[in-house]
Amino acid sequence: MKLRAALSALAAAAALLGAAPGAHAALFSDDEARRAILDLRGRVDELSRQLSALGARVERIEQTSRGQLELQSQLDAMRQEVARLRGQLEVQTNELATTQRQLHEQLATVDTRIKRFEPVSTQIDGRTVTVEQSEKRAFDAALAQFRGGDFRGALGAFQQFQAQYPDSPFMPGVLFWIGSSQFALKDYKAAIASHQALLARYPDNPRAADAMLNVGYAQAESGDRRAARRTLETVVQKYPDSQAAQLAKERLASLPAAK
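Residues numbered from 1 in each chain as written. Predicted model: local features only at pLDDT ≥ 70, side-chain atom pairs only at ≥ 80, totals over all residues. Heavy atoms only, no water.

Chemist: Just checking my understanding: could you explain the overall build of the chain for this structure?
Modeler: When its secondary structure is counted, the chain shows ten helices and two strands. Secondary structure elements in the chain, listed N-terminal to C-terminal, are α-α-α-β-β-α-α-α-α-α-α-α. In the chain, which comprises 259 residues, the proportion classed as buried is 28%. Counting contacts in the chain only where the partners sit at least 6 residues apart, residues at least 24 apart contribute 48% of the total. As displayed, the chain offers around 17,300 Å² of accessible surface, 55% of which is attributable to carbon and sulfur atoms. (Helix = DSSP H or I, 4+ residues; strand = E, 2+ residues; numbered from the N terminus. Buried < 20%, exposed > 50% of the residue type's maximum accessible area, 1.4 Å probe, protein only. Contact = heavy atoms within 4.5 Å. Areas by Shrake-Rupley, 256 points an atom, 1.4 Å probe, with all protein chains shown as cover.)

Chemist: Would you take a moment to explain a nonpolar patch on the surface for this structure?
Modeler: Residues Leu71, Leu75 and Met78 make up a contiguous nonpolar surface patch of roughly 280 Å² in combined accessible area. Note on placement: Leu75 falls in helix H3 (residues 30-117). (Patch = residues over 30% accessible without salt bridge, like charges linked within 9 Å, V, L, I, M, F, W, Y side chains within 5 Å. Salt bridge = Lys/Arg side-chain N within 4 Å of Asp/Glu carboxyl O.)

Chemist: Explain helix H4 (residues 133-147) here, please?
Modeler: Because each turn of an α-helix spans 3.6 residues, side chains separated by three or four positions in sequence point in the same direction. Across its 15 residues, H4 extends 21 Å between first and last C-alpha, which sits within 8% of the 21 Å expected from 1.5 Å per residue. All of the buried residues in H4 are Gln133, Glu135, Phe139, Ala142, Leu143 and Phe146. The positive-phi residue at the C-terminal boundary of H4 is Gly149, with phi of around 90 degrees. (Expected span 1.5 Å × (residues − 1).)

Chemist: Which parts of the structure should I look at to understand the packing of aromatic side chains?
Modeler: The geometry of an aromatic ring pair is captured by two quantities: the separation of the ring centres and the angle between the planes. This structure, assessed with the given rule, holds nine aromatic pairs. Ring centres of Phe161 and Tyr165 lie 4.9 Å apart, and the angle between their planes is 45 degrees; on these two criteria the pair is classed as tilted. Across the pair, exposure class does not vary: Phe161 and Tyr165 are buried alike. With a centroid separation of 6.1 Å and an interplanar angle of 85 degrees, the aromatic rings of Phe161 and Phe170 are classed as edge-to-face. For Phe161, a relative accessible area of 2% translates into the label buried. Exposure remark for Phe170: the relative accessible area of 6% places this residue in the buried category. Site record: aromatic cluster; members linked through ring pairs are Phe139, Phe158, Phe161, Tyr165 and Phe170. The ring of Phe176 carries Arg207 above its face, with NZ or CZ at 5.4 Å from the centroid. (Phe/Tyr/Trp six-rings, centres within 6.5 Å; stacked < 30°, edge-to-face > 60°. Lys NZ or Arg CZ within 6 Å of the ring centre and 35° of its normal.)

Chemist: Is there a simple way to explain the pattern of salt bridges in this structure?
Modeler: Side-chain pairs of opposite charge can arise whenever the charged atoms involved come near each other. Within this structure, the stated rule accounts for three salt bridges. A salt bridge links Arg207 to Asp125; the shortest N-O distance between them is 3.5 Å. Here the residue Arg207 occupies a position in the loop between helix H7 (188-201) and helix H8 (208-221), and Asp125 occupies one in the loop between strand S1 (120-124) and strand S2 (127-131), the gap between them amounting to 82 residues. When its relative accessible area of 26% is taken as the criterion, Asp125 is described as partly exposed. One salt bridge connects Glu221 with Arg251, and the closest N-O pair in it is separated by 3.7 Å.

Structural data, given as structure tokens:
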């Protein structure tokens, strides 16, 4: 603004010089005065051009300054917006990481729960079958009771299994161990019925020979020696190469003759 004021004063002075040729002419001769006036006018015109050019430069500088101020203001606003967006991005990134971690934990929990109920493969009587995990656990627990000598507990567990999983591939074994538990508890009539049920339903099961042997044992223990002898002889005839046949022969040798 000071520069603009100085230019204004210079323009005023030039105007005064141009407006007063008479005063200068009085000091010189006509020719000299005309030359001086022309020279002065030329200088004034030059000053006027310089003044005009300088004014234009000043205007451009002022416009540039205003533009720079506006640009700086815009840059400051943009920097503030960038900072705000960065803050939001950090917050959202943290939220995303937290959500992903929670989702991963939930999926892992769900996967664990699903695996607890997924069927499993197991070997039953020489065959690979698929059973429910709870089914296998129940059978294994009942069998562990029998092998631990808890025949009454085993009997109850196997009977509960029979009611809960009537179509289970474990059923031949369940019937066998029910009959074995009953025999151990000296309930020979029930033991005979359980083993005969196995033989009727699963005649080709690998346990059939042992089940028939147990029927003969139970008949002998209950005093029905005639029935016991017939059963044991059937074991020898039907399963001649089995261990059950050998045991049947030994029992027949010690079995008193039927009256």
